[in-house]
Amino acid sequence: MLLDRSFRRTLIARLLLSAGPSTAAALLIAAPGCGEPEAAESAQAAEAADIRCFEWFEELGACLDREQALEEFRTIHPFCESEEEILSVESDATQRDGACCYEVIAQEAGPCNLGRPFTLEGHRRTAAPRLAEAGWLARGKSTGPGGMKPSLAHLTDEERETLAEGWLRSALEEHASVASFARFALDLMAHGAPSSLVEAAHIAALDEVAHARLGFSLASAYRGAPVGPAAFPMPTGVPVAADLVALARAAAEEGCVGETVAALVAAEQRARAEDPAVRAALEAIADDEARHAELAWLTVAWAIGAGGEPVRRAVAGVFEAAAESLRRPPPAEAEAPRGRPAALAAHGHLAGADLRALSRAGLAQVVLPCALSLGLWKPRAAAAAVAPAASA
């Protein structure tokens, strides 16, 4: 899949200008194929069956068959919200201590529309939705983002439900990003970052407040009733990054990868959307996410300058993990979209397979070429070729 060329080239230029105009120009003009999809071969790694279980009660009768169990696992490990994906169920069930267990083929979740999550001990946190909550609805001008209402004409009840769920999930993620940027600002201050980065982190948090309002407003419009977030599940003590290595690694994962991909996906959603209210919202989100991505790349550059080679190695590991995710074949689509794909896309909702393809394209066409051009990462083959010379 080829991403929108104009937005992609603009974003590449913004991400690279911190390294000097000549570097950006070389990537955009001179380097053949740079910023374009590569014809890389996917490594078809041998997959071994693992055991996965879910809770089951005797009153429910026999365990589910393989097809039903696969649907149950995909409910437990939803698309883009889990650290692994269940690709197939390979055995009938065995009951163990109140659970139904199966042999499955599982793999680490591949790239998706990541954005900047709030994570704690490796797990993403979002608030629960709260019905009849109007405190997070947008207050935009009548012609701007949040001021217009989406048109519900020609949408089926099923499509409205799908759109309400999708925009609510997006809004809760944007809401969590407010907390993530607040912690990021503390990380920067704790490690002596310049004021420009701290200021940009606070501005980004306010952007995420606006994005969350847009999402909750759209979700409320499709539901026909207000919905917003409950209290955020904030722990009593929120740890800051232990050192520059941890700070840079998180900035690379959540920003250089996550925010960059999020900006590209939002731009593609905007390009396919037809509803004026949705297009206005996605226009604002895509532009803001591009600035957030730029902040992450600038933060990584500062951290490497301050922390040296250990920080550079940690950042390179993040990009290598992203490259490794592209070597795995993408999973099959979990389920058919609930509604007409064209009608859903007109309102900013893309199917899981499309999001997965866009995320992979974002890594291949923007994230990894930028990391390579800035000297933050080398493909494994290139790194292996350099190693003997370095040790000679």
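The coordinates are above.
Note that the structure is predicted; figures quoted are calculated from it, not measured.

Undergrad: Can you walk me through the pattern of salt bridges in this structure?
TA: Proximity of charged atoms lets side chains of opposite charge pair with each other. One pass over the structure, following the stated rule, counts 14 salt bridges. In this structure, glutamate 161 and arginine 338 form a salt bridge, with 3.7 Å as the shortest nitrogen-oxygen distance. Of this pair, glutamate 161 sits in helix 4 (residues 157–190) while arginine 338 sits in the loop between helix 8 (309–327) and helix 9 (341–345); the two residues are 177 residues apart in sequence, bridging distant segments of the chain. You can call glutamate 161 partly exposed: its relative accessible area is 42%. For arginine 338, a relative accessible area of 29% gives the class partly exposed. Here arginine 291 makes a salt bridge to aspartate 207, at a shortest N to O gap of 2.8 Å. Here arginine 291, found in helix 7 (residues 276–307), pairs with aspartate 207, found in helix 5 (residues 195–223); they are 84 residues apart in sequence, far enough to count as distant. When its relative accessible area of 34% is taken as the criterion, arginine 291 is described as partly exposed.

Undergrad: Help me understand the environment of tryptophan 167 in this model?
TA: Note that tryptophan 167 resides in helix 4. Residue tryptophan 167 is classed as buried on the basis of its relative accessible area of 6%. It is 5.3 Å that separates the C-alpha atoms of tryptophan 167 and glycine 215, two residues lying 48 residues apart in sequence. Excluding its chain neighbours within four sequence positions, the residues that come into contact with tryptophan 167 are Gly215, Leu218, Ala219, Tyr222, Val278, Leu282, His347 and Gly348.

Undergrad: Sorry, what's going on with the nonpolar core here?
TA: As a rule of thumb, nonpolar side chains are buried together in soluble globular proteins. Within the largest apolar cluster, 82 residues are counted, with the highest numbers of intra-cluster contacts made by Leu188, Trp297 and Phe319. The set of elements that each furnish at least two residues to this core consists of helix 1 (5–16), helix 4, helix 5, helix 6 (244–272), helix 7, helix 8, helix 9 and helix 10 (352–373). With residues up to four places along the chain from it excluded, the contact list for phenylalanine 319 reads Cys256, Val257, Trp297, Val367, Leu368, Ala371, Leu376 and Trp377. Listed in part, the 12 residues of the second largest apolar core include Phe54, Trp56, Phe73 and Tyr102.

Undergrad: Would you explain the packing of helix 6 against helix 7 in this entry?
TA: Angle between the axes and distance between the axes are the two parameters that describe a pair of packed helices. Relative orientation of the contacting elements helix 6 and helix 7 amounts to 155°, with a least axis distance of 7 Å. One element, helix 6, and the other, helix 7, form an angle in the roughly antiparallel class. As helix 6 packs across helix 7, the resulting crossing turns out to be left-handed. Classifying every residue of the contact of helix 6 with helix 7 gives 22 nonpolar, six polar and six charged.

Undergrad: Help me out: how do you make sense of helix 10 in this one?
TA: For the α-helix, the turn length of 3.6 residues means that residues three or four positions removed from each other point alike. Across its 22 residues, helix 10 extends 30 Å between first and last C-alpha, which sits within 8% of the 32 Å expected from 1.5 Å per residue. Two residues or fewer past helix 10, glycine 375 is found with a positive phi of approximately 75°.

Undergrad: Sorry, what's going on with the packing of aromatic side chains here?
TA: A ring pair, where both rings are aromatic, is described by two values, the distance of the centres and the angle of the planes. This structure, assessed with the given rule, holds six aromatic pairs. Where tryptophan 297 meets phenylalanine 319, the ring centres are 5.6 Å apart and the plane angle is 25°; that geometry is what we call stacked. In this pair, tryptophan 297 is assigned in helix 7 and phenylalanine 319 in helix 8, connecting sequence segments 22 residues apart. Taken individually, tryptophan 297 and phenylalanine 319 each receive the classification buried, so the pair is uniform in this respect. An aromatic cluster of three or more residues is present, and its members are Phe54, Trp56 and Tyr102. Against the face of phenylalanine 184 rests arginine 116, its NZ or CZ located 4.7 Å from the ring centre.

What counts, and at which threshold
Numbering of residues starts from 1 in every chain and runs along the sequence as written. This being a predicted model, a pLDDT of at least 70 is required before a residue's local features are given, and a value of 80 or more before pairs of side-chain atoms are given or counted; all residues contribute to the totals for chains, interfaces and linings. With hydrogens and water stripped out, all remaining heavy atoms of the structure feed into the side-chain values. One side-chain nitrogen of Lys or Arg within 4 Å of one carboxyl oxygen of Asp or Glu is enough to make a salt bridge. The numbering of helices and of strands both runs from the N terminus, where a helix is a DSSP run of H or I of at least 4 residues and a strand a run of E of at least 2. Whether a residue is buried, partly exposed or exposed follows from its accessible area with a 1.4 Å probe, protein chains only, as a fraction of its type maximum: under 20%, in between, or over 50%, in that order. Residues count as neighbours in contact if any of their non-hydrogen atoms are within 4.5 Å of one another. As used in this record, nonpolar core signifies buried Ala, Val, Leu, Ile, Met, Phe, Trp, Tyr and Cys residues forming a set joined through side-chain atoms within 4.5 Å. Axis definition: a line fitted to C-alpha atoms, over the contacting stretch in the case of helices. Angles run 0 to 180 degrees between N-to-C directions. By the definition adopted for this analysis, an angle is roughly parallel if under 35 degrees, roughly antiparallel if over 145, roughly perpendicular if from 65 to 115, and oblique otherwise. Two helices crossing with the near one rotated counterclockwise from the far one by less than a right angle form a left-handed crossing, whereas a clockwise rotation gives a right-handed crossing. Gly counts as polar in this scheme, as do all residues outside two lists: the nonpolar Ala, Val, Leu, Ile, Met, Phe, Trp, Tyr, Cys and Pro, and the charged Asp, Glu, Lys and Arg. Helix span is expected to be 1.5 Å times the residue number reduced by one. In this scheme Phe, Tyr and Trp rings, the latter by its six-membered ring, pair at centre separations within 6.5 Å, and the angle between planes marks the pair as stacked below 30 degrees, edge-to-face above 60, and tilted otherwise. Two conditions define a charge sitting above a ring: the NZ of Lys or the CZ of Arg must be within 6 Å of the ring centre, and it must be within 35 degrees of the ring normal.

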